[in-house]
Amino acid sequence: MKKLKELLDLLVSMAKAWPTIISILLVIVAAITGFSKFASQSITLSLPIWALILIAALAIYLLGKLFQFIASRRKGPLQHLNGLLWKTPVFGSPIAVCPRKGCGCEVICKEIPPAPYQYVATVNDLHKARFEYSYEYECPVHGVLNGIPNEDISLLSKKAKLAFK
């Protein structure tokens, strides 16, 4: 269901590609009606060869524009948010990338649980005690990264997706 929603979001965002959307919808309608009685009827059209070539060229042009639009959307620039660089794919959530110059490696999120036993003798010790998980972000090449909020990668990814819309 989530993938279907993302596909519909992509189709809505393609305001420039409305001819392509209409041609795809026509193909889908033609495939659906191909199983009905309407498809068993034949109509003979006598078109000159130049008209057939023009129709084929327009169809190829529209498909080429669709592929160009998807390719240009996929190769978008990396965007900076919460101390990380984010790569926005066509479908799905943004991917966290190392913010160091020229690296481009995906960031690994480590979940560090609180210590199971913590010594608490005074109120001050109680304030120092940790009861929730902490998160550490690490690049495979550069090691631990600093300046990133102490939040789960899925939460940061959702925030990035909302920020980049």
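Up top is the structure.
Model, not experiment: these values are computed from the prediction.

A. Structural detail: the overall build of the protein chain. Looking only at helices and strands, the protein chain features five helices and six strands. Seen in sequence order, the protein chain has helices and strands lined up from the N terminus as α-α-α-β-β-β-β-α-β-β-α. A total of 165 residues make up the protein chain; the buried ones form 16% of that total. Considering only contacts in the protein chain between residues 6 or more positions apart, those separated by 24 or more positions represent 48%. Element-wise, carbon and sulfur atoms account for 67% of the exposed surface of the protein chain, whose accessible area totals about 12,700 Å².

B. Broad picture of the nonpolar core. Judged by nonpolar contacts, Leu84, Trp86, Ala96, Cys98, Val107, Tyr137, Cys139, Leu145, Ile148, Leu156 and Ala160 together constitute the single largest core of 11 residues. Elements that contribute at least two residues to this core include exactly strand E2 (84-87), strand E5 (134-139) and helix H5 (153-163). Sequence-distant contacts of tryptophan 86, that is, excluding residues within four places in its chain, are made with Pro77, Leu78, Gln79, Leu81, Pro94, Ile95, Ala96, Ile153, Leu156, Ser157, Ala160 and Phe164.

C. Highlighting H5. Residues of H5 that are buried: Leu156, Ser157 and Ala160. On an axial view of H5, the arc spanned by its buried residues comes to 100°, and they lie on one face. The outward face of H5, more than 90 degrees from its buried face, is lined by the exposed residues Lys158 and Leu162. Contacts made by the buried residues of H5 are with strand E1 (79-81), E2 and E5.

D. Local environment of the sheet that holds strand E3 (residues 95-97). The sheet built from three strands is open, its strands ordered E1-E2-E3 with antiparallel pairing. In this open sheet, the two strands that pair with only one neighbour each are E1 and E3. Neighbour-to-neighbour, the strand axes of the sheet open up by a mean angle of 45°, direction not taken into account. Bridge count between E1 and E2: three bridges; the pairing is antiparallel. The partner of leucine 81 across the bridge, within E2, is leucine 84. Contacting E1, E2 and E3, H5 runs over the sheet at an angle of about 65° to E2.

E. Just the side chain of serine 134, in detail. Its location among the elements puts serine 134 in strand E5. Given the relative accessible area of 14%, serine 134 is considered buried. Residues in contact with serine 134, not counting those within four places in the same chain, are Lys110, Glu111, Ile112 and Asn150.

F. Focus on the pattern of salt bridges. Summed over all chains, the structure comprises two salt bridges. With a shortest N-O distance of 2.9 Å, glutamate 151 and lysine 159 are connected by a salt bridge. On the basis of relative accessible area, lysine 159 is assigned to the partly exposed category, the value being 36%.

G. Representation of the pairing of E5 within the structure. Pairing between strand E4 (residues 108-112) and E5: five bridges, direction antiparallel. Bridge pairing links isoleucine 108 to glutamate 138 in E5. Taken together, the two bridges between E5 and strand E6 (residues 143-144) define a ladder with antiparallel strand orientation. When the sheet's bridge partners are listed, glutamate 138 is paired in E6 with valine 144.

Reading the values: rules and limits
Residues numbered from 1 in each chain as written. Predicted model: local features only at pLDDT ≥ 70, side-chain atom pairs only at ≥ 80, totals over all residues. Heavy atoms only, no water. Helix = DSSP H or I, 4+ residues; strand = E, 2+ residues; numbered from the N terminus. Buried < 20%, exposed > 50% of the residue type's maximum accessible area, 1.4 Å probe, protein only. Contact = heavy atoms within 4.5 Å. Areas by Shrake-Rupley, 256 points an atom, 1.4 Å probe, with all protein chains shown as cover. Core = buried A, V, L, I, M, F, W, Y, C linked by side-chain atoms within 4.5 Å. Arc of directions from axis to C-beta. Pairing = 2+ DSSP bridges. Axes fitted to C-alpha atoms, helices over the stretch in contact; angles between N-to-C directions. Salt bridge = Lys/Arg side-chain N within 4 Å of Asp/Glu carboxyl O.

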